[in-house]
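Fold and geometry: a report
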Amino acid sequence: MRTATLTDKLPAATRHRISDYYALCKPRVVMLITFTAMVGMLLASPGMVDLGVLVWGSVGITLMAAAAAAFNQILDRQVDARMARTRRRPLVTGQLGMLESGAFAVAIGALGFALLYALINPLTAWLTLVTLIGYAGVYTLYLKRATPQNIVIGGAAGAAPPVLGWAAVTGTIDPHALLLFLIIFVWTPPHFWALAIERRDEYAEVDIPMLPVTHGIEYTRTQVLLYTILLVAVTMLPFATGMSGIIYLCSALVLGGVFLVYALRMRFAPVPGLPMRTFGYSIVYLMALFTALLVDHYVAVWHGVA
């Protein structure tokens, strides 16, 4: 029997409204952003992060990431209406209007900025704002429609959360945080292009120049493989620089090896459904890799190495 929650006590119309705003925030994407930002915070500290920094830093980054996602849906609503993957989003179905969606995005974005500026530090607040503008503005308004390298260039915004988390703790942009940025930056193309291969016809129909549309599926499969090889190499850097130890190294090799198998199969033995399985694994891969960074870090702390 399901346990009653607080929202169960609300009127049905209110619950549906909350659900619509929740969907506007792209919660699964935002959760991954928050997770990698929190990893940045935890890795930046030789012990446990100050609880206030961890909580308010996470809340502020989450709110601004959710605002960026909402702005993305506002700007992409016409494209979303023509794609099967996105046509059930609340702005497309009319469950939310433009004015209320825009007000909501501005409100949570402003609240997130204020929390970061007042309770964390100005650097984190401004870096997060730049990231929001980079994703919702530069990527969504320009890059997405301008070049097949859209996801590569625009990936810088998605790779920023560990830097934001690190800055929340230290007030600086640390070289180790930039290594985490580099990992996500290189991970983004094989992650997203696997999805783009599966949805190639939909992107073509709405004139979005994703790589499989402009250069073909075969070429994109090759790029996925090459970027995956580069990703495996880049994930060795935390160990090579002394940032992480043997636990992380072994985890990165195993996780990267599985990712490489997916990429090789996509390139040389493609079968229906494989791109989406690769896309799904890529999400698990990133979460597991960053979890390995945390485990390695705290094992070192407990043994007095860090």
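Let me begin by describing the structure that accompanies this report. (Residues numbered from 1 in each chain as written. Predicted model: local features only at pLDDT ≥ 70, side-chain atom pairs only at ≥ 80, totals over all residues. Heavy atoms only, no water.)

1. Topic: the overall build of the chain
Across its full length, the chain carries 16 helices and zero strands. By the compact-globule yardstick of 19 Å for 306 residues, the chain fits well, its C-alpha radius of gyration being 20 Å. Buried positions account for 49% of the 306 residues belonging to the chain. For the chain, restricting intrachain contacts to residue pairs at least 6 apart in sequence, the fraction spanning at least 24 positions comes to 72%. Accessible surface computed for the chain: about 14200 Å², of which carbon and sulfur atoms make up 69%. The distance from the centre of the 20 positive side-chain charges to the centre of the 14 negative ones in the chain is 6 Å. (Helix = DSSP H or I, 4+ residues; strand = E, 2+ residues; numbered from the N terminus. Rg over C-alpha atoms; globule rule 2.2 N^0.38 Å. Buried < 20%, exposed > 50% of the residue type's maximum accessible area, 1.4 Å probe, protein only. Contact = heavy atoms within 4.5 Å. Areas by Shrake-Rupley, 256 points an atom, 1.4 Å probe, with all protein chains shown as cover. Lys, Arg positive; Asp, Glu negative; His and termini not counted. Charge placed at Lys NZ, Arg CZ, Asp CG, Glu CD.)

2. With respect to a nonpolar patch on the surface
A surface patch of nonpolar side chains, about 430 Å² in accessible area, is lined by Leu51, Val55, Trp56, Val59 and Leu119. Per-element tally for the nonpolar patch: the top contributor is helix 3 (residues 51–75), with four residues. Of the residues examined, valine 55 reaches a relative accessible area of 37% and is grouped as partly exposed. (Patch = residues over 30% accessible without salt bridge, like charges linked within 9 Å, V, L, I, M, F, W, Y side chains within 5 Å. Salt bridge = Lys/Arg side-chain N within 4 Å of Asp/Glu carboxyl O.)

3. A look at the packing of aromatic side chains
The description of an aromatic ring pair rests on the distance of the ring centres and on the angle between the ring planes. In the structure shown here, the tally under the stated rule is 11 aromatic pairs. Centre to centre, the rings of phenylalanine 259 and tyrosine 281 are 5.8 Å apart; their planes meet at 80°, and the pair counts as edge-to-face. Note that phenylalanine 259 is positioned in helix 15 (residues 246–268) and tyrosine 281 in helix 16 (residues 274–302), a separation of 22 residues in sequence. Its relative accessible area of 12% is what places tyrosine 281 among the buried residues. With a centroid separation of 5.2 Å and 20° between ring planes, the pair formed by tyrosine 262 and tyrosine 281 is classed as stacked. (Phe/Tyr/Trp six-rings, centres within 6.5 Å; stacked < 30°, edge-to-face > 60°.)

4. Regarding helix 13 (residues 217–234)
Since the α-helix packs 3.6 residues into each turn, any two residues three or four apart lie on the same face. Spanning 18 residues, helix 13 covers 25 Å between terminal C-alpha atoms, matching the ideal 26 Å at 1.5 Å per step. Among the residues of helix 13, Thr220, Arg221, Gln223, Val224, Leu225, Tyr227, Thr228, Leu231, Val232 and Val234 are the ones counted as buried. The elements touched by buried residues of helix 13 are helix 8 (150–158), helix 10 (175–198), helix 12 (211–215), helix 14 (237–240), helix 15 and helix 16. (Expected span 1.5 Å × (residues − 1).)

5. Quick notes on the pattern of salt bridges
Evaluation of the coordinates by the stated rule reveals eight salt bridges. In this structure, arginine 17 engages glutamate 100 in a salt bridge whose closest nitrogen and oxygen atoms are separated by 2.4 Å. With arginine 17 in helix 1 (residues 12–24) and glutamate 100 in helix 6 (residues 98–120), this pair connects stretches of sequence that are 83 residues apart. Overall, the relative accessible area of 33% leaves arginine 17 in the partly exposed class. The structure contains a network of salt bridges with shared partners spanning Asp76, Lys144 and Arg145.

6. Brief notes about the environment of alanine 156
Positionally, alanine 156 belongs in helix 8. With relative accessibility at 29%, the residue alanine 156 sits in the partly exposed group. The spatial distance from the C-alpha of alanine 156 to the C-alpha of threonine 131 is 8.3 Å, given a sequence separation of 25 residues.

7. Quick notes on the packing of helix 10 against helix 16
Taken N-terminus to C-terminus, the directions of helix 10 and helix 16 make an angle of 165°; their axes are 7 Å apart at the nearest point. Taken together, helix 10 and helix 16 sit at an angle that is classed as roughly antiparallel. In this structure, the crossing between helix 10 and helix 16 has a hand that is left-handed. For the pair helix 10 and helix 16, the contacting residues are Leu180, Ile183, Ile184, Trp187, His191, Ala194, Leu195, Ile197 and Glu198 in the first and Pro275, Met276, Thr278, Phe279, Ser282, Ile283, Tyr285, Leu286, Leu289, Phe290 and Leu293 in the second. Residue composition of the contact of helix 10 with helix 16, grouped by class: 16 nonpolar, three polar and one charged. (Axes fitted to C-alpha atoms, helices over the stretch in contact; angles between N-to-C directions. Parallel < 35°, antiparallel > 145°, perpendicular 65-115°, else oblique. Left-handed = near helix turned anticlockwise from the far one by under 90°. Nonpolar A, V, L, I, M, F, W, Y, C, P; charged D, E, K, R; others polar.)

8. Brief notes about helix 6
When the terminal C-alpha atoms of helix 6 are compared, their 32 Å separation across 23 residues agrees well with the 33 Å that a helix rising 1.5 Å per residue should span. Taken together, the buried positions of helix 6 are occupied by Ser101, Gly102, Ala105, Ile108, Gly109, Gly112, Phe113, Leu115, Leu116 and Ile120.

9. A look at the environment of glutamine 78
Mapped onto the elements of the fold, glutamine 78 is located in helix 4 (residues 77–80). In this structure the C-alpha to C-alpha distance between glutamine 78 and glycine 242, which are 164 residues apart in sequence, comes to 48 Å.

10. Let's talk about the nonpolar core
Core analysis: the biggest nonpolar cluster contains 79 residues, and Leu43, Trp187, Trp193, Tyr285 and Phe290 have the highest contact counts within it. Top contributing element to this core by residue count: helix 10, with 13 residues. With residues near it in sequence (within four places) discarded, tryptophan 187 still touches Leu32, Leu231, Phe259, Ser282, Ile283, Tyr285 and Leu286. Counting residues in each nonpolar core, the second largest holds seven residues, with Tyr21, Ala70, Leu91 and Ala105 among its members. (Core = buried A, V, L, I, M, F, W, Y, C linked by side-chain atoms within 4.5 Å.)

11. Comments concerning the packing of helix 2 (residues 27–43) against helix 9 (residues 161–170)
At a closest axis distance of 7 Å, the pairing of helix 2 and helix 9 adopts a crossing angle of 40°. If you check the angle between helix 2 and helix 9, you find them oblique. Every pair of crossing elements has a handedness; the one defined by helix 2 and helix 9 is right-handed. Note on element contacts: helix 9 touches helix 2 through Pro161, Pro162, Gly165, Trp166 and Val169, opposite Ile33, Thr36, Ala37, Gly40, Met41 and Leu43. Residue composition of the contact of helix 2 with helix 9, by class: eight nonpolar, three polar and no charged.

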